[in-house]
Amino acid sequence: MKFKVDASTVKGITKFGVRGSADPLSWENTLLLNDNDKDGIYEGELSFPDTIEYFEYKYVYGEQKLTWEL
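We now turn to the structure provided with this report. (Residues numbered from 1 in each chain as written. Predicted model: local features only at pLDDT ≥ 70, side-chain atom pairs only at ≥ 80, totals over all residues. Heavy atoms only, no water.)

**What about the overall build of the protein?**
Secondary structure assignment for the protein yields zero helices and six strands. The N-to-C order of helical and strand elements in the protein reads β-β-β-β-β-β. Expected size for 70 residues packed as a compact globule is a radius of gyration near 11 Å; at 12 Å, the protein falls within 12% of this value. With the principal axes as the frame, the protein shows a C-alpha extent of 40 × 25 × 15 Å. Out of the 70 residues belonging to the protein, those deemed buried represent 31%. Expressed as a percentage of contacts within the protein between residues at least 6 apart in sequence, the contacts between residues at least 24 apart total 60%. A total accessible area of about 5,200 Å² is found for the protein, and carbon and sulfur atoms account for 47% of it. Treating the 8 positive side-chain charges of the protein as one cloud and the 13 negative ones as another, the clouds have centres 9 Å apart. (Helix = DSSP H or I, 4+ residues; strand = E, 2+ residues; numbered from the N terminus. Rg over C-alpha atoms; globule rule 2.2 N^0.38 Å. Buried < 20%, exposed > 50% of the residue type's maximum accessible area, 1.4 Å probe, protein only. Contact = heavy atoms within 4.5 Å. Areas by Shrake-Rupley, 256 points an atom, 1.4 Å probe, with all protein chains shown as cover. Lys, Arg positive; Asp, Glu negative; His and termini not counted. Charge placed at Lys NZ, Arg CZ, Asp CG, Glu CD.)

Right, here's the structure in full:
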């Protein structure tokens with residue numbers, strides 16, 4: 001599954017990523033997404049086991065204090 005989110009309107013982002021309910025995601029640890037071309041669009045790709053029918057996830061950013069998507 002490919003994750004892609006446009007965060008170009010949010011200033012001062014550090015460590016933008018995703019958390020979720022199915023391995024390899026978790027609610028306790030952030031899987032960081034990349035913005036290699038510095039355009040404010042963060043991307044990442046994950047593989048999930050075929051046994052996963054559905055899962056929940058949220059985008060987060062920050063270091064000491066996380067901001068969660070609404």
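**Considerations on unusual backbone geometry**
Excluding glycine, residues mostly have negative phi values, and the peptide bonds linking residues are mostly trans. With an omega of 20°, the peptide bond running from Asp23 to Pro24 counts as cis. Its place among the elements puts Pro24 in the loop between strand E2 (17-20) and strand E3 (31-32). In the Ramachandran plot, Lys38 falls in the positive-phi region, its phi being about 55° despite a non-glycine side chain.

**Quick word on the environment of Pro24**
The partly exposed category is assigned to Pro24, whose relative accessible area is 42%. Taking the C-alpha atoms as reference points, Pro24 and Ala7, separated by 17 residues in sequence, lie 23 Å from one another. When near neighbours in sequence (up to four residues on either side) are disregarded, Pro24 contacts Leu46, Ser47 and Phe48.

**Examining the pairing of strand E5 (residues 57-61)**
Across four bridges, the pairing between E2 and E5 is antiparallel. Within E5, the position partnered with Gly20 by the bridge is Tyr57. In the sheet, E5 pairs with strand E6 (residues 67-68) via two bridges, with the strands oriented antiparallel. Each bridged residue has a counterpart across the sheet, and for Tyr61 the counterpart in E6 is Thr67. Between the antiparallel neighbours E5 and E6 lie five residues, among them Gly62 with a positive phi of about 120°. (Pairing = 2+ DSSP bridges.)

So, to be careful, I would describe these as geometric facts and stop short of saying anything about function.
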